[in-house]
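# Remarks on the overall topology
Below, each chain spelled out in residue letters.
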Amino acid sequence: FSGPYDNIYFSHKLNNHTKIESFTAQLNSKRFGDSIYNRFLSGHKVSYLSRKEKVFINIGEIFLYTGINRSVDIRYLNPIIPYFIVDVNKDNIGNDNSNSILFLDMRYNFLNDQSIYCEFLLDDYQLDDTGVSNALGLKIGYDYKSMLMGKNFFFNLEKNILNDDTYSHSGVHSYFLHNERPIGYKYGQACSSTSIIINYHLNNYFQFKYSFLQLN
């Protein structure tokens, strides 16, 4: 939703069921006072596909970092080591211009034409009573693809919930935006949505489409 950006992408298949992927991208730079802050986005994940292709799981991390005239940090090019460990052990921890999000998503194809899926985001979680709200996100959905009277039919039901502080950060220009548009959920943070999508392909000339969105 945020639009395209240049990136370096890496992918390696460990076996028939497991794959690792990573990328690094440069986002739009931002001005703060008389300084220019360069902004970069890195991500990596491990994917697993079960033998019968019933279950698909991704677990990974997205990391956004900024700095005055900053260049790509080679520490965030690795496809395996968690970014938050690198971030905690860096020397300039007082200048917290980085924002990390952990994610876990999965899809379960319980029938050939039906599946359920979910995604969980962990942006910030308070173990103690600090007075700061947790920053979490949750998505759950259901897909149905089949033939209806010999025509392609698709149905999707999805629910999204995002806390107020998800995707945001107190650092300088370390929020998840690119060209003033959200990176991640297209409606941004602090919202709850329910959507329904129906597509029915009648023939090469006619297609019925219906979409419903309730945004809170």
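A brief structural summary. (Residues numbered from 1 in each chain as written. Predicted model: local features only at pLDDT ≥ 70, side-chain atom pairs only at ≥ 80, totals over all residues. Heavy atoms only, no water.)

Our next topic: the overall build of the protein. A count of helices and strands for the protein gives one helix and 12 strands. Buried positions account for 36% of the 216 residues belonging to the protein. Long-range pairs, those at least 24 residues apart, make up 53% of the contacts in the protein between residues at least 6 apart in sequence. Distance from the positive charge centre (20 side chains) to the negative charge centre (21 side chains) of the protein: 12 Å. (Helix = DSSP H or I, 4+ residues; strand = E, 2+ residues; numbered from the N terminus. Buried < 20%, exposed > 50% of the residue type's maximum accessible area, 1.4 Å probe, protein only. Contact = heavy atoms within 4.5 Å. Lys, Arg positive; Asp, Glu negative; His and termini not counted. Charge placed at Lys NZ, Arg CZ, Asp CG, Glu CD.)

Mapped onto the secondary structure, A135 falls in strand β7 (residues 135-148). According to the relative accessible area criterion, A135 is buried, its value standing at 2%. Taking the C-alpha atoms as reference points, A135 and Y167, separated by 32 residues in sequence, lie 7.8 Å from one another. In this structure, A135 is in contact with L121, L122, D123, D124, N163, D165 and T166, ignoring residues within four places of it in sequence.

On to the pairing of β7. Here 10 bridges tie strand β6 (residues 114-124) to β7, and the two strands are oriented antiparallel to one another. Opposite L121, over in β7, you have G137 as the bridge partner. When β7 meets strand β8 (residues 151-162), the two strands line up antiparallel, connected through 12 bridges. Bridge pairing in β8 links S146 to F153. Here β7 folds back onto β8, and the loop between the two strands holds two residues, one of which, M149, carries a positive phi near 55°. (Pairing = 2+ DSSP bridges.)

We now examine the sheet that holds strand β3 (residues 35-49). To summarise the sheet geometry, strands pair through backbone hydrogen bonds and adopt either a parallel or an antiparallel arrangement. As summarised here, the arrangement of the 10 strands in space is β1-β2-β3-β4-β5-β6-β7-β8-β11-β12, forming an open sheet in which the pairing is antiparallel. Unpaired on one side and paired on the other, β1 (7-13) and β12 (207-215) mark the two borders of the sheet. Neighbour to neighbour, the strand axes of the sheet diverge by 10° on average, direction disregarded. (Axes fitted to C-alpha atoms, helices over the stretch in contact; angles between N-to-C directions.)

Our next topic: the nonpolar core. With 14 residues, the main nonpolar core has L41, L121, L162, Y167 and F176 as its most contacted residues. Of all elements in the fold, only β2 (18-32) and β5 (98-111) reach the threshold of two or more residues within this core. Here this core takes three residues from β2, the largest share from any one element. The residues touching L162, leaving out its near neighbours within four places in the chain, are L121, L136, G137, Y167, Y185, G188, Q189, A190 and C191. Core analysis: the second largest hydrophobic core is formed by six residues, F40, F63, Y76 and Y83 among them. (Core = buried A, V, L, I, M, F, W, Y, C linked by side-chain atoms within 4.5 Å.)

Bringing the pattern of salt bridges into the picture now. In this structure the tally under the stated criterion is five salt bridges. The closest approach of N and O atoms between D143 and R107, which form a salt bridge, is 2.9 Å. Within this pair, whereas D143 is found in strand β7, its partner R107 is found in strand β5, the two being separated by 36 residues in sequence. For R107, a relative accessible area of 28% translates into the label partly exposed. (Salt bridge = Lys/Arg side-chain N within 4 Å of Asp/Glu carboxyl O.)

Among the secondary structure elements, T194 is positioned in strand β11 (residues 191-201). A polar atom in the side chain of T194 sits 3.3 Å from the side chain of K159. Once residues lying within four places of it in the same chain are set aside, the contact partners of T194 are L157, E158, K159, F212, L213 and Q214. (Polar contact = N/O pair within 3.5 Å; in protein donor to acceptor, adjacent residues only side chain to side chain.)

By definition, a disulfide is the covalent link that joins the sulfur atoms of two cysteine residues. Applying the stated criterion across every chain, the model contains zero disulfides. Among the cysteines around C118, which has no disulfide bond, C191 carries the closest sulfur, lying 18 Å off. (Disulfide = S-S within 2.5 Å.)

Residue placement: N156 occurs in strand β8. Engagement of the side chain of N156 in a polar contact is seen with the side chain of D143, the distance being 2.5 Å. The contacts of N156, once residues within four sequence positions are left out, are Y117, Y142, D143, S195, I196 and I197.

Sheet analysis places β8 next to β11, joined by 10 bridges and oriented antiparallel. In the strand pairing of β11, N160 is matched with S193.

Bear in mind that shape data such as this cannot, by itself, settle questions of function.
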